[in-house]
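What the coordinates show
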Amino acid sequence: MYRIMLREDLVPSIHLFKVEAPAVARKGQAGQFVVVRVDEKGERIPLTIADWDREEGSITIVFMEVGVTTRKLAQLKAGDYIANFAGPLGMPTHIDNFGTVVCVGGGFAVAPIVAIARSMNEAGNRVLSIMGARNKDLLFWEDRLRAVSDELIVTTDDGSYARKGLVTEPLKEILEGDERIDRVIAVGPTVMMKFCAKTTEPFGVKTIVSLNPIMVDGTGMCGCCRVEVGGQTKFTCVEGPDFDGHQVDWDLLFNRQRIYLEEEKKSLERWEQMSHG
Amino acid sequence: MAKLDLNRVSMPKQEPLVRAKNFNEVALGYSDEQALAEANRCIQCPKRSCVDGCPVGVDIPDFILAVREGNMPEAVRVLKAKNSLPGICGRVCPQESQCEATCVIAKKGAPIAIGRLERYVADWELSHGQMQKPELAKPTGKRVAVVGSGPAGLTAAADLARLGHEVTIFEALHTAGGVLMYGIPEFRLPKRVVQTEVDFVRSLGVDVQLDSVVGKTMTVDEIVEDGYDAVFLGTGAGLPMFLNVPGENLNGIYSANEFLTRTNLMKAYLFPEYDTPMKIGRRVAVVGGGNVAMDSARCALRLGAEEVYIIYRRSEAELPARREEVENAQEEGIIFKYLTNPKRFIGNDQGWVVGAECYKMELGEPDDSGRRRPIVIEGSEFDIDVDVVVSALGTTPNPLIPTTTEGLEVTRRGTVVADEGTGKTVKDAVWAGGDVVTGSATVISAMGAGKRAAASIDEYLRSK
């Protein structure tokens, strides 16, 4: 059992937990994830590591309420326990002094992009960051991302805060500009990562995306998370989650993320009836 | 002396058409009368050749004698002196090719049903509450780390604890038991039985650390640095193989590992009470002919599929699954399509599998495995309509440990090289056994390897 040391509601539907998990905290790095099971009847789901504190022995996760598991998680408060918390899994994001790096974070993935931008910054890169959300009520950690970036551009789809539009627009402008860009890292909803990769492709700038397929064990055992990258089948949980965005078969990923749509709906309806009925 | 009955007492089972709709155990176990009658068939021969056929060397005639004499606590004691997991072995060991194959009565008629008697004894203990705890040796002050809590790890841990060593098991998943929990279905091995035997191993003082993915959470070298005097790797063969044919990543195509893990470990058959979902499928094709294929097919049927096919590239005679499991599957209505092999999978515009295009095969000369090699008949392609496919082609060891541990020798197949007799690897203070060394094999062979490694580790620790 893993104790929740701290809970913060970043926005009404996006929550932060700091979880006591010393073994995971000893090793965790930017880009890796944990597999969480909330309770005895729970599903195993992967959540990206947003931060870690090796001395305190804690791991920070940020999640958005989407399905039953994240709804169940959202009911927990500081002092409560999570049944299982295994990690750090997957390969860390490749951090090096590349030169100038653009870090793009969308939705609740702004949390992991802060850790990546910070690591890139510490490695000596010039870090240009872009963060986007549907509207201003879903924005958080602008200050944190600004603190680890040389420049920050904020977008909202509806223009309710900062620049109106999608993250791909400022990304394209940066690439068209005079500054040489050595690498782009995009973390967020699949559709955002796909269009970031499509945006950078004509410019030939290496673009790393953090894929988020469905997983079960997270250790290479089941193959549920298989994706195709450069025509090869890869297990995201052990070979990823970071891959070259220009090589990813996005349509396959979209299809495989939809396998359980019907069941997820059914499960959520049942859960809502039980928790309100 | 009464004349020897050449037929064994048959095992009561759920009726095929009833059991095909539920996840309850298929084989119901002997009653007291049936067990006594079967135990009475044992002639207590002086050769005790059955013991030679047991990979963990259970004193089989002695526990059978205790059953015959109605001394059940003694039967339990004898059995568990050599085997810490009798309820599991009594259900899933291939006794027909081990102890029962070497039973002297096998020359004349049906050998003693040793496996069924073993299960009877284990179930007796389970239903009579109090578990007997064997005497433990004086603490040695030595610490051993066991990686993996499947049959190899549990056996090594239990034996080492009995010998007085302090043992910690590191398990990657959220439940101990390895393949006994995620792989073998409830209807063949109830999870209650597995957890009781895991609890028995814990009762010997073994500490089980869950959620510990060795190779990620910590490395083998870090475990040694942490003050463990020896390490046993019993990490199994957890990496699924696929056919590598077009269309294999379509929605609805599972590895057997995923299909069984969702069904058994995550209890998807109880969805939505349990949160993990599963695609049921109307027509399910399971590719492969081993025990895992039979388990997958029978799970698919129980989940509610209308038709379930086993697609196997050789003929019935070459099926690697246990005969008993093939018969169970056939009785339940699984359809066997022999000499058939998928060429590619066909998808719809939503990315879901809707069919398998297959070749007809014929058998050629025997290959390295001694079985006749399947050969494609060119131009024989035909389609089978399916909406779920399970790829049960076998597994290889997970590379997480080999790739993060300095100094282990690994074969091209990904297995860890270890001495057959002792399980010692080329790396100092590290042993390995079970499927991680042999590639996918049986529960009992993994237990045998765990046992031999425990003896070797004990010898090493005592001389240190």
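The sections below set out a description of the structure shown in this document. Quick caveat: nothing in here was measured; it's all calculated off a predicted structure. (Residues numbered from 1 in each chain as written. Chains lettered and ligands numbered in written order. Predicted model: local features only at pLDDT ≥ 70, side-chain atom pairs only at ≥ 80, totals over all residues. Heavy atoms only, no water.)

As for the overall build of chain A
The number of helices and strands found in chain A is 9 helices and 16 strands. Computed over the C-alpha atoms, the radius of gyration of chain A is 18 Å, within 12% of the 19 Å expected from 2.2 N^0.38 for a compact globule of 277 residues. When its C-alpha atoms are laid out on the principal axes, chain A stretches across 55 × 40 × 40 Å. Looking at the 277 residues of chain A, the share that counts as buried comes to 58%. (Helix = DSSP H or I, 4+ residues; strand = E, 2+ residues; numbered from the N terminus. Rg over C-alpha atoms; globule rule 2.2 N^0.38 Å. Buried < 20%, exposed > 50% of the residue type's maximum accessible area, 1.4 Å probe, protein only.)

Thoughts on the pattern of salt bridges
Taken as a whole, this structure holds 56 salt bridges over all chains when the rule is applied. The shortest N-O distance in the salt bridge between E151 of chain A and R126 of chain A comes to 2.9 Å. Of this pair, E151 of chain A sits in strand 10 (residues 151-156) while R126 of chain A sits in strand 9 (residues 126-133); the two residues are 25 residues apart in sequence, bridging distant segments of the chain. The partly exposed category is assigned to E151 of chain A, whose relative accessible area is 43%. Using a relative accessible area of 29% as the deciding quantity, one classes R126 of chain A as partly exposed. A salt bridge links E263 of chain A to K279 of chain B; the nearest nitrogen and oxygen atoms lie 2.9 Å apart. On the criterion of chain membership, the pair formed by E263 of chain A in helix 9 (residues 261-276) and K279 of chain B in the loop between helix 12 (256-265) and strand 7 (283-287) is interchain, its members lying in two chains. You'll find E263 of chain A and K279 of chain B in the same group, each marked buried. (Salt bridge = Lys/Arg side-chain N within 4 Å of Asp/Glu carboxyl O.)

Some details on the sheet that holds strand 13 (residues 207-210) of chain A
Residue and element names in this part refer to chain A. With respect to topology, 7 strands assemble into an open sheet ordered 11-10-9-8-12-13-16, the strand pairing being mixed. Each of the sheet's edge strands pairs with one partner strand only, and the pair in question is strand 11 (163-164) and strand 16 (242-244). With 3 bridges connecting them, strand 13 and strand 16 associate as antiparallel partners. Each residue of the ladder has a partner; that of S210, found in strand 16, is D242. (Pairing = 2+ DSSP bridges.)

Side note on the side chain of E248 of chain B
Within the secondary structure, E248 of chain B sits in the loop between strand 5 (239-240) and strand 6 (253-255). Buried and unpaired, E248 of chain B has no salt bridge, with R226 of chain A as the nearest side chain of opposite charge at 6.6 Å. Separated by 3.3 Å, the side chain of E248 of chain B and the backbone nitrogen of V245 of chain B make a polar contact. Excluding anything up to four places from it in sequence, E248 of chain B contacts R226 of chain A together with F242, L243, I253, F345 and S391 of chain B. (Lys, Arg positive; Asp, Glu negative; His and termini not counted. Polar contact = N/O pair within 3.5 Å; in protein donor to acceptor, adjacent residues only side chain to side chain. Contact = heavy atoms within 4.5 Å.)

Re helix 9 of chain A
Each α-helix winds once per 3.6 residues, and so residues spaced three or four apart point in a common direction. Residues and elements named next belong to chain A. Here helix 9 is 16 residues long and its end C-alpha atoms lie 22 Å apart, about the 22 Å a rise of 1.5 Å per residue gives. By the burial criterion, the buried members of helix 9 are E263, S267, L268 and W271. The buried residues of helix 9 occupy an angular sector of 130° when the element is viewed end-on, so they sit on one face. The outward face of helix 9, more than 90 degrees from its buried face, is lined by the exposed residues E262, K265, Q273 and H276. Close packing links the buried residues of helix 9 with helix 2 (68-74). (Expected span 1.5 Å × (residues − 1). Arc of directions from axis to C-beta.)

Focus on the pairing of strand 13 of chain A
Burial of strand 13 of chain A is two-sided: the residues T207 and V209 of chain A facing one way and the residues I208 and S210 of chain A facing the other way are all buried. For the crossover from strand 12 (residues 183-187) of chain A across helix 6 (residues 190-200) of chain A to strand 13 of chain A, the handedness is right-handed. (Right-handed = clockwise from strand over helix to strand, strands pointing away.)

Comments concerning the side chain of E118 of chain B
All names here are of chain B. Within the fold, E118 resides in helix 7 (residues 114-127). Despite being buried, E118 has no salt bridge partner; R91 is the closest side chain of opposite charge, sitting 8.9 Å away. Aside from chain neighbours lying at most four places away, what touches E118 is F63, L79, N83, P86, C89, G90 and Q95.

Considering the environment of F85 of chain A
One can find F85 of chain A in strand 7 (residues 84-89). Given the relative accessible area of 1%, F85 of chain A is considered buried. When the C-alpha atoms of F85 of chain A and D178 of chain A are compared, they prove to be 45 Å apart, with 93 residues separating the residues in sequence. Discounting chain neighbours no more than four positions away, the residues touching F85 of chain A are Y2, V19, A21, V24, V34, V35, V36, I59 and I61 of chain A together with D211 of chain B.

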